[in-house]
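Descriptive structure summary
Residues per chain, in single letters:
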Amino acid sequence: MKIIVGLGNPGKPYEHTRHNIGFDVVDALAKKWGAPLTNSKFNGMYVTVHRPEGKVLLVKPLTYMNLSGECVGPLMDYFDIDVEDLIVIYDDLDLETGKLRLRQKGSAGGHNGIKSLIQHLGTQEFNRVRIGVNRPPAGMKVADYVLSKFSKEDQGVMEDAVDKSVNAIEAALSKPFLDVMNHFNS
């Protein structure tokens, strides 16, 4: 079984903000697969999808970003999912808006959701789909920036990024992540 986790914050005020791009990708997958996230466990929403490639668990932690590992760790234990079968989708300030970067491991890079996952999983070695949201303009606090919505100009770019992320994740269900990474990072 694979587990696809989109990071974000629950609640209307956070919908479609930079920090919730992971939720947006999971929602896009759920819509495409006709599988709404209707189950709840360990402070997260999820659905099990039976795909030709095997079972896939789509997850949105409802713990707020900084505590994402408190949901993901117990879910992975409950469903007996190996860390090699985890893909995490999240926003990245160090990439230009809409740019995708897939990685198999690495530090949290200052991202509190990833810090929480590393802490609860006991490893930095898990697959990631990082989606660029760029750095805040001069004088704007990072927290205010990531919790704000995309500009009109960036909305189209981000819709493309969500589509590309969906394609990358679907490819990763049947191909080694390294192959998918090499294709989508080129």
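Structure's up top.
So, here's what we can say about the structure. (Residues numbered from 1 in each chain as written. Predicted model: local features only at pLDDT ≥ 70, side-chain atom pairs only at ≥ 80, totals over all residues. Heavy atoms only, no water.)

Taken together, Asp77, Asp80, Asp82 and Glu84 make up a surface patch of like negative charges. On the basis of relative accessible area, glutamate 84 is assigned to the exposed category, the value being 54%. (Patch = residues over 30% accessible without salt bridge, like charges linked within 9 Å, V, L, I, M, F, W, Y side chains within 5 Å. Areas by Shrake-Rupley, 256 points an atom, 1.4 Å probe, with all protein chains shown as cover. Salt bridge = Lys/Arg side-chain N within 4 Å of Asp/Glu carboxyl O. Lys, Arg positive; Asp, Glu negative; His and termini not counted. Charge placed at Lys NZ, Arg CZ, Asp CG, Glu CD. Buried < 20%, exposed > 50% of the residue type's maximum accessible area, 1.4 Å probe, protein only.)

Grouped together as the largest cluster of nonpolar side chains are 36 residues, with contacts concentrated most on Leu58 and Ile131. A total of eight residues in this core trace back to one element, the largest contributor, which is helix H5 (residues 152-172). For isoleucine 131, the contacting residues outside a window of four places in its chain are Ile21, Val25, Ile89, Tyr90, Asp91, Asp92, Lys99, Leu100, Met158, Ala161 and Ser165. Counting residues in each nonpolar core, the second largest holds 21 residues, with Leu7, Val72, Leu75 and Ile118 among its members. (Core = buried A, V, L, I, M, F, W, Y, C linked by side-chain atoms within 4.5 Å. Helix = DSSP H or I, 4+ residues; strand = E, 2+ residues; numbered from the N terminus. Contact = heavy atoms within 4.5 Å.)

Moving on: the pairing of strand S1 (residues 2-6). When you tally the buried positions in S1, you get four out of five residues, the bulk of the element. The pairing of S1 with strand S4 (residues 54-61) spans four bridges and is classified as parallel. Residue pairing for S4: isoleucine 4 is matched across the bridge by leucine 58. Pairing of S1 with strand S5 (residues 86-92) involves four bridges; the strand directions are parallel. In the sheet register, valine 5 faces S5, and the bridge partner there is valine 88. (Pairing = 2+ DSSP bridges.)

Further remarks concern the environment of threonine 17. Turning to its location among the elements, threonine 17 is positioned in the loop between S1 and helix H1 (21-32). Classification of threonine 17 as buried rests on a relative accessible area of 1%. Sequence separation of threonine 17 and phenylalanine 150 is 133 residues, and the distance between their C-alpha atoms is 6.5 Å. For threonine 17, the side chain forms a polar contact with the main-chain oxygen of tyrosine 14, separated by 2.8 Å. (Polar contact = N/O pair within 3.5 Å; in protein donor to acceptor, adjacent residues only side chain to side chain.)

Once that is clear, we can look at the packing of aromatic side chains. Given two aromatic rings, their pairing is described by the distance between the two centres and the angle made by the two planes. For the coordinates displayed, the defined rule picks out four aromatic pairs. For the pair tyrosine 14 and tyrosine 64, a centre-to-centre distance of 6.1 Å together with 80° between the ring planes defines the contact as edge-to-face. Within this pair, whereas tyrosine 14 is found in the loop between S1 and H1, its partner tyrosine 64 is found in the loop between S4 and helix H2 (69-78), the two being separated by 50 residues in sequence. Relative to phenylalanine 79, the ring of tyrosine 46 lies with its centre 5.5 Å away and its plane at 70°, an arrangement referred to as edge-to-face. Taken together, the residues span a long stretch of sequence, with tyrosine 46 in strand S3 (residues 44-51) and phenylalanine 79 in the loop between H2 and S5 at a distance of 33 residues. Each residue in the set Phe42, Tyr46, Tyr78 and Phe79 is aromatic and connected to the rest through ring pairs, giving one cluster. For lysine 60, the ring lying beneath its charged end belongs to phenylalanine 23, and the centroid distance is 5.0 Å. (Phe/Tyr/Trp six-rings, centres within 6.5 Å; stacked < 30°, edge-to-face > 60°. Lys NZ or Arg CZ within 6 Å of the ring centre and 35° of its normal.)

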